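Structural overview
What follows is the residue order along each chain.
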Amino acid sequence: MNAPLLRVEGLVKHFETKLSSGVRRRRRVVQAVSGVSLEVAAGETLGLVGESGSGKTTVARCLLRLIEPTAGRVRFDGRDLASLGAEELRHLRRRMQIVFQDPFASLDPKMTVGASIAEPLVVQGVPGDHDDKVVHLLRLVGLSPDHARRFPHEFSGGQRQRIGVARALALDPSLVVLDEPVSALDVSIQAGVVNLFADLQRRLGMSFVFIAHDLSVVRHIAHRVAVMYLGKIVEIGATAAVYGRPSHPYTTALLSAVPVPDPARERARTRIVLEGDVPSPVDPPSGCRFRTRCWKATDVCAVEEPPLTVRASGQASACHHPEG
Amino acid sequence: MSAVLRVRDLRVTFATPLGDLGAVRGVDLDVNAGEVLGVVGESGSGKSVTFLAAMGLLPATASVRGSVQVDGIELVGASPRELRRVRGRLMSMIFQDPLSALNPVHRVGAQIAEMLQAHQQMGDRAAATRAVELLELVGIPQPADRARQYPHEFSGGMRQRVVIAIAMANRPKVLVADEPTTALDVTVQAQILEVIQRVQAETGTAVVLITHDLGVVARVCDRVQVMYAGRSVERGDVRALFERPTHPYTRGLLDSLPREGLEQLTPIAGFPPNMLRPPSGCAFRVRCPHAIEACGGEVPDLRPVGAQESACIRASELASAAGGR
């Protein structure tokens, strides 16, 4: 394989919070991401799944350097993002874009759709009027050229998300981070947007980092998938391997919790229902962070953090007692 | 079979500055004792409004017509006093956000006791004891200690359990759960669905589960009613309906879901109608691949088709053409 487009090594992000309890103020550190390493190849989709608090959105923001990582390195096309000055970073950002979950909040209600889509071109100082480009982008995402003159409120959720995608594609990026891009959409609309991503990748060859809590959508669209729990990757590998033969007990439990739209199969399944909630990232468990909810946990899990280890079916998992 | 909740020709219209909006346009619905009925539809289908109307929880801008009977008691046009006697005693409703249903300055146990004493002659001590039992019923560990805590001391999943305990306090005939797991993580969702199933099995309460998630329906429901644009378009046994949907909208919903081994998803064309001006006849016809001229005629009612009921005038014809699915 060629050098990956994106390489993340040992990414750490801590947030400081001030919790006021009564008269005392305590400083506490939220360990949102604790040592994440991953790679994304050109033309590939990496799915990033996990529950709330797993750190998946924080990883996404560090990838684009929208927030500064506490430690670790993000290399895009061989260049370390942290080493770049403001001007160089702005230039590199042409090639990496992000689409957010809420298609209502991410568009300026007072700008026409055409102006919104052209804005990245203006910001990046691309010369010329951008009318042709806007028409091309609208067509690319399945909208009509005369939509450019309209305002966001005239569009449905699915159409607005397409506008957001058109804007993200304005600068011909090689990497687009999609942060829960279909979660706010109704199922019948969601399918069209998911198809759009697959189609865009086939035609334009960009890479996606697809963040979602919906595991069935990720299975459908991602080539590889990383499962996060409490700031760490617990399993990463080819989608077929991770879904077909999960190695980490958390992955097993997560997959078992997802209801499938098939009554006969649903009723025949044996289900692993995890006890309790995800612990606080302020004070994560020692050793393996999943051990407090894991039915396989033993003494070693509390003292020794399991490293990501490649398993027989190809994926890597971080567990002392892997499945299968 | 005896229906504990019986809805007939329910119509809900909101007066808006842009004109009257028909959110529910003639819905029939039966909830039988001891069953779990799934009510499915996308945003704007009228699934929540149907039950808010049944509970008498809509604002004054809404006009409600038709009939809603719980255990034989008519609720449409009932006085606030009559409604108060029914809500929480015969029929309870829980929502997506448990925090907004709980009072932040009262202990959880006291909030359950309040619900008990609102409908039953019960002393403080008996109510407190019963509150702890209810917390145990919904699977909260150390219920006696937890009863003395405040809502902010509970996680999202635990709060939803508390809300279920309050809703179940007086053993209602019907528990309406409106997207009860939508705000929760999938592993916590699995816990809450188990709680609902266990509570249902132990008390015999009928459950209505309003959801957009067909996976959740497949897991817990006995029967399903599918809604679109303020109307019921299909209803039937959950297995039959998932195996052989008879309405093109139901089929469209199922086809748009990602499944194992599926190469391409099939979205439904277009988008939901503007309910200020819904299409004539079948509201789905403007997005339907099988629409013919006759679909624009009369608004179709549910009619038996095979094992279920469908509001598609071409349902029998399409079913025999497809030869099942």
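All of the points below concern the structure found in this document. (Residues numbered from 1 in each chain as written. Chains lettered and ligands numbered in written order. Predicted model: local features only at pLDDT ≥ 70, side-chain atom pairs only at ≥ 80, totals over all residues.)

What follows covers the pairing of strand E9 (residues 224-229) of chain A. Residue and element names in this part refer to chain A. The element E9 is largely enclosed, with a buried count of six among its six residues. Residues Arg 224, Ala 226 and Met 228 line one face of E9 and the alternating positions Val 225, Val 227 and Tyr 229 line the opposite face, and both faces are buried. Where E9 meets strand E10 (residues 232-238), six bridges bridge the pair, whose relative direction is antiparallel. The residue of E10 that forms the bridge with Tyr 229 is Lys 232. Here E9 folds back onto E10 in antiparallel fashion, the turn holding two residues, of which Leu 230 has a positive phi close to 50 degrees. (Buried ≥ 20, exposed ≤ 12 C-beta atoms within 10 Å, placed from the backbone. Helix = DSSP H or I, 4+ residues; strand = E, 2+ residues; numbered from the N terminus. Pairing = 2+ DSSP bridges.)

On to the sheet that holds strand E3 (residues 36-40) of chain B, then. All names here are of chain B. With mixed pairing, the eight strands of this open sheet are ordered in space as E6-E7-E8-E3-E9-E10-E12-E11. One side of each edge strand has no neighbouring strand; the edge strands of this open sheet are strand E6 (91-94) and strand E11 (303-305). With strand direction ignored, the average angle separating the axes of adjacent strands in the sheet is 20 degrees. Bridge analysis of strand E9 (residues 223-228) against strand E10 (residues 231-237) gives six bridges, and the strand direction is antiparallel. Paired with Gln 225 across the two strands is Arg 235, which belongs to E10. (Axes fitted to C-alpha atoms, helices over the stretch in contact; angles between N-to-C directions.)

Taken together, the 35 residues of chain B in the interface contact 33 residues of chain A. Elements that contribute at least two residues to the side of chain B that touches chain A include exactly helix H7 (186-203), helix H8 (214-220), helix H9 (238-243) and helix H10 (248-255) of chain B. Looking at the side of chain B that touches chain A, the element that brings in the most residues is H7 of chain B, giving seven residues. Of the residues contributing to the side of chain B that touches chain A, the split by class is 17 nonpolar, 12 polar and six charged. (Contact = placed C-beta atoms within 7 Å. Nonpolar A, V, L, I, M, F, W, Y, C, P; charged D, E, K, R; others polar.)

All right, on to the environment of Glu 305 of chain A then. Residues and elements named next belong to chain A. Residue placement: Glu 305 occurs in the loop between helix H11 (299-303) and strand E11 (309-310). Counting along the chain gives 24 residues from Glu 305 to Pro 281, while the straight-line C-alpha distance between them is 16 Å. Residues within four places of Glu 305 in sequence aside, it is in contact with Gly 287 and Cys 288.

A few words on unusual backbone geometry. Backbone geometry places Asp 172 of chain A, a non-glycine residue, at a positive phi of 50 degrees. Among the secondary structure elements, Asp 172 of chain A is positioned in the loop between helix H5 (157-168) and strand E7 (175-179). Positive phi is not limited to glycine here, since Asp 9 of chain B has a value of about 45 degrees. Of note, Asp 9 of chain B is situated in strand E1 (residues 3-16).

Attention shifts here to the pairing of E1 of chain B. Residue and element names in this part refer to chain B. Looking at chain direction, E1 and strand E2 (residues 19-32) are connected through 11 bridges and run antiparallel. Bridged to Val 12 within E2 is Val 24. The antiparallel hairpin formed by E1 and E2 contains two residues in its connecting segment. Pairing geometry for E1 and strand E4 (residues 62-70), over eight bridges, is antiparallel. Its bridge partner being in E4, Leu 5 is matched across the sheet by Val 70.

Time to look at the sheet that holds E7 of chain A. Residue and element names in this part refer to chain A. One open sheet accounts for eight strands, arranged E6-E7-E8-E3-E9-E10-E12-E11; its pairing is mixed. Pairing within the sheet leaves two strands with one partner each, and these edge strands are strand E6 (96-99) and E11. The sheet contacts of H5 involve E6 and E7, and relative to E6 the element is tilted by about 170 degrees.

We now examine the packing of helix H3 (residues 108-119) of chain B against helix H6 (residues 156-168) of chain B. All names here are of chain B. At their nearest, the axes of H3 and H6 sit 8 Å apart, and the two run at 25 degrees to each other. Here H3 lies roughly parallel to H6, going by the angle between them. Of the two possible hands of crossing, H3 and H6 adopt the one that is right-handed. On the side of H3, the interface is formed by Val 108, Gln 111, Ile 112 and Met 115, while H6 contributes Val 162, Ala 165 and Ile 166. Considering only residue class, the contact of H3 with H6 consists of six nonpolar, one polar and no charged. (Parallel < 35°, antiparallel > 145°, perpendicular 65-115°, else oblique. Left-handed = near helix turned anticlockwise from the far one by under 90°.)

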